[in-house]
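Single-letter residue listing:
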Amino acid sequence: MKELKIAGTTILPGEFKEIDINIARLPSHTIIDTPIYVSRGFEDGPVLGLIAGMHGDEINGMEIVRRILDGGLHQPKRGTVICMPIINMYGFLNYSRDVPDGKDINRSFPGTRNGSLASRVAYHLMHDVIPFIDYGIDFHTGGAMRANYPQVRALLTDEKNIELAEAFHAPFTLNSPFRPNSLRKEASRKGKYIIVYEGGESLRFDQNAIKEGIAGTLRLMKHLNMIDEAPLPDVENKVIWSSTWIRAKNAGLFQTNVYCGQLVQKDEWVGTITDPFGEFKEKVITPVTGYVVGLNNIPVINAGDALMHIGMDNVCKLDNFGD
């Protein structure tokens, strides 16, 4: 087996090691490290990165990786699993999506050693971890009190991404082009395949999203021949090629009639906007047929706010993709 050396630390076959990657230091002189946990099997196989906490308030992904570690599920028979429960330690400590300078780490790749704080975190990830992985799952959560139904996002014009998404088998798979300066895009430049898992809402545990995230990870590990057993999927995986947001036409108080994951029909009444003073009541009507893959949970809304994310009902089973 080849030698594996990450951030200056050698991990031998069958070993488990915790490695602290120093990112920076707080004004108080407190050192900020990003811990990563590396588990190697005794046999050759791929290297899979489990990456969470890119946004510090997205705790469902952190809990998925934590439970994988806690349950010993990170120990493969073949290959290597690299667990990174919290990338953005700054945001985690401050209940924030971003780092203290307001920048988004996932819009700062590939990063620079002497750049902004977000850029430095991205730089360390791109140089200390990404070169050593073959595949990755980047765990995310809906932001700003918007819940995402469990879903994988990947660029489905690529055969390998199709394969990984099919193996994970989330309830939904969304075709998702690369975003500029994102981890997924920059990793692809290095020949690495990373899919994004979205589930739940920021700063709230969503047990269904956590369960689906763990099960999907194990199914992917089995597909990559890293382990021998994994949970069978209990839902159909639906592939969604396009989606749209329903936005508020007026400010007021929003109440939904539907739930995340539900199929809604074009022209269906899906919610109501009222004002606090009883002066108007407005029905929210969906302009398309599709699945509610994201839902706003904030009652107080302004004109233009996103109310729900609808995945168009031009769906197919992933194993029929391209037929």
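Scoring rules and cut-offs
- Residues numbered from 1 in each chain as written.
- Predicted model: local features only at pLDDT ≥ 70, side-chain atom pairs only at ≥ 80, totals over all residues.
- Heavy atoms only, no water.
- Helix = DSSP H or I, 4+ residues; strand = E, 2+ residues; numbered from the N terminus.
- 1 Å grid on protein atoms, 1.4 Å probe; cavity = no way out; pocket = protein on both sides within 12 Å on 5 of 7 lines; lining within 4 Å.
- Points joined across faces, edges and corners; volume = space filled by probe spheres on them.
- Nonpolar A, V, L, I, M, F, W, Y, C, P; charged D, E, K, R; others polar.
- Phe/Tyr/Trp six-rings, centres within 6.5 Å; stacked < 30°, edge-to-face > 60°.
- Buried < 20%, exposed > 50% of the residue type's maximum accessible area, 1.4 Å probe, protein only.
- Lys NZ or Arg CZ within 6 Å of the ring centre and 35° of its normal.

1. Observations regarding unusual backbone geometry
Right, so step 1: Residues Phe-109 and Pro-110 are joined by a peptide bond in cis, for which omega reads 5°.
Right, so step 2: Positive phi, normally seen in glycine, also occurs at Asn-181, with a value near 60°.
Right, so step 3: Topologically, Asn-181 is positioned in the loop between β9 (172–175) and α5 (183–189).

2. Side note on the layout of surface pockets
Right, so step 1: Here the largest pocket defines a volume of roughly 680 Å³.
Right, so step 2: Taken together, 30 residues form the lining of the largest pocket, with Arg-97, Arg-107, Arg-153, Arg-179 and Glu-198 sitting closest to its centre.
Right, so step 3: At the level of secondary structure, the elements contributing two or more residues to the lining of the largest pocket comprise β7 (135–142), β8 (146–154), β9, α5, β10 (193–201) and β12 (243–247).
Right, so step 4: With 4 residues, the single largest contributor to the lining of the largest pocket is β7.
Right, so step 5: Grouping the amino acids of the lining of the largest pocket by side-chain chemistry returns 8 nonpolar, 13 polar and 9 charged.
Right, so step 6: Its volume calculated, the second largest pocket comes out at about 240 Å³.
Right, so step 7: Along the walls of the second largest pocket sit 13 residues, with Lys-2, Arg-40, Asp-44, Gly-45 and Val-47 positioned nearest its centre.
Right, so step 8: The biggest single contributor to the lining of the second largest pocket is strand β5 (residues 43–51), with 4 residues.
Right, so step 9: A breakdown of the residues in the lining of the second largest pocket according to their chemical character gives 4 nonpolar, 3 polar and 6 charged.

3. What to know about the packing of aromatic side chains
Right, so step 1: A complete count under the given rule lists 6 aromatic pairs for this structure.
Right, so step 2: Judged by centre distance (6.3 Å) and plane angle (5°), the rings of Phe-16 and Tyr-37 are stacked. Of this pair, Phe-16 sits in strand β3 (residues 16–25) while Tyr-37 sits in strand β4 (residues 31–40), and the two are 21 residues apart along the sequence.
Right, so step 3: Residue classification places Tyr-37 among the buried residues on the basis of a relative accessible area of 19%.
Right, so step 4: Centroid distance Phe-139 to Tyr-197: 6.0 Å. Interplanar angle 70°. Geometry classified as edge-to-face. Pair noted here: Phe-139 is in strand β7 and Tyr-197 is in strand β10, with a separation of 58 residues, a long-range link.
Right, so step 5: By relative accessible area, Tyr-197 is classed as buried at 1%.
Right, so step 6: The positively charged end of Lys-283 is found above the aromatic ring belonging to Trp-269, 4.4 Å away from the centroid.

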